[in-house]
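# Structural description and commentary
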Amino acid sequence: MLTGTVIYLIFANVPALAPIADWYAPYNPTVMPVFMFGILFVTFCKIDFHKLLPVRWHWWVLLQQAVCVFVIVGLVLFFHLSGKSLIIMESILACIIGPCAAAAAVVTAKLGGSLEQMTTYTFLSNFLTAILIPICFPLIEPSGDRSFAEALFKILADVGTVLLIPMALAYIVKHFFHRLHRVIVGVKDLSYYLWGVSLTIVTGTTVMNICHAANSIGFILIIAFLSLLLCFFQFGSGRFIGHYFKATVEAGQALGQKNTAFAIWIAAAYLNPLSTVGPGCYIVWQNFINSLEIWSCRKKGEEHFV
């Protein structure tokens with residue numbers, strides 16, 4: 001995150017680097033989906049598909065996510081929100097509608113939760129996100145040159161390519177191209193390094209949007225504070241749902257730990273660019289909570305190694 005911030009500030013303030021920045025700018029919207037595709041593909045290549053079975057808490061957590069999304073969209077439409085109010089709601093929506101992070105399964109396993117249940121939920125969460133985004137985004141950010149149906153299918157194609165095709169491709173490679181599969185899974189922490197590069201890019205993009213925003217620092221701090229409250233709400237409500245099914249850790253991570261790089265990409269691509277501040281701050285808050293959880297487990301001697 002610091003690297004992305006520093007790189008953007010260097011390119012923004014050193015005139016001699018302007019030609020490089022101008023050359024790269026048209027490619028920036030395409031780079032993020034490519035990295036999202038790669039991260040999910042590599043992650044799913046390491047999964048045993050035969051162990052991916054839904055359990056009851058999955059459906060309750062998915063239901064809460066869907067309800068929260070429709071409540072936000074309903075408020076925007078009912079009150080005809082615009083301007084700063086709309087940007088705030090879009091920031092919150094991006095943090096809610098984003099799928100569960102692929103890394104959530106690893107964190108859950110370290111906390112003593114079920115790796116298989118979390119991996120299954122990651123699949124289900126990606127499917128839900130791929131359905132919700134094309135329906136909701138054209139309603140709150142209508143495209144002047146496209147009808148609702150055209151915008152729906154355009155977004156569905158974009159999101160489906162990033163979220164759903166990696167699943168199918170990973171299944172094919174795992175079961176029919178064994179040599180290629182061994183090469184992919186043999187590269188240690190490949191998905192982690194891809195995620196690290198993507199985090200650098202999305203952080204730089206978020207900083208750029210903040211620097212070019214025609215809004216005060218106070219307004220940006222409001223979005224940051226609301227994303228903090230939302231982060232606590234999602235982790236807390238997930239754990240509340242999970243305790244009914246003896247899956248407190250799993251449900252908490254499932255609802256709270258988001259694929260924020262993806263959330264920033266969709267916010268920048270389909271909503272007001274300033275709405276990326278919400279998921280950009282959410283990165284900090286969720287990693288802060290994850291660190292506290294792992295530290296607490298380690299202190300109690302309950303940390304698991306994965």
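For the structure itself, look to the data block above.
All values derive from a computational prediction rather than experimental measurement.

### Focus: the overall build of the chain
Along its length, the chain carries 15 helices and zero strands. For a compact globule of 306 residues, the expected C-alpha radius of gyration is about 19 Å, and the chain comes in at 19 Å, within 12% of that figure. With the C-alpha coordinates aligned to their principal axes, the bounding extent of the chain is approximately 45 × 45 × 45 Å. Classification of the 306 residues of the chain by burial places 50% in the buried group. Residue pairs at least 24 apart in sequence account for 81% of intrachain contacts in the chain once pairs closer than 6 positions are excluded. For the chain, the accessible area works out to roughly 15100 Å², and carbon and sulfur atoms hold 71% of it. The averaged location of the 13 negative side-chain charges in the chain is 10 Å from the averaged location of its 17 positive side-chain charges.

### What to know about the environment of leucine 221
Along the chain, the position of leucine 221 falls in helix H12 (residues 217-242). Distance in space between the C-alpha atoms of leucine 221 and glycine 278 is 9.8 Å, their sequence separation being 57 residues.

### Description of the pattern of salt bridges
Tallied over the full model, the rule gives one salt bridge. Note that glutamate 293 and arginine 239 form a salt bridge whose closest N and O atoms lie 3.6 Å from each other. Linking glutamate 293 in helix H15 (residues 277-299) with arginine 239 in helix H12, this pair joins segments that are 54 residues apart in sequence. Taking the relative accessible area as the measure of exposure, glutamate 293 reaches 14% and is therefore buried. When its relative accessible area of 33% is taken as the criterion, arginine 239 is described as partly exposed.

So, how was this worked out
- Residues numbered from 1 in each chain as written.
- Predicted model: local features only at pLDDT ≥ 70, side-chain atom pairs only at ≥ 80, totals over all residues.
- Heavy atoms only, no water.
- Helix = DSSP H or I, 4+ residues; strand = E, 2+ residues; numbered from the N terminus.
- Rg over C-alpha atoms; globule rule 2.2 N^0.38 Å.
- Buried < 20%, exposed > 50% of the residue type's maximum accessible area, 1.4 Å probe, protein only.
- Contact = heavy atoms within 4.5 Å.
- Areas by Shrake-Rupley, 256 points an atom, 1.4 Å probe, with all protein chains shown as cover.
- Lys, Arg positive; Asp, Glu negative; His and termini not counted.
- Charge placed at Lys NZ, Arg CZ, Asp CG, Glu CD.
- Salt bridge = Lys/Arg side-chain N within 4 Å of Asp/Glu carboxyl O.

The analysis is restricted to geometry; functional conclusions fall outside its scope.
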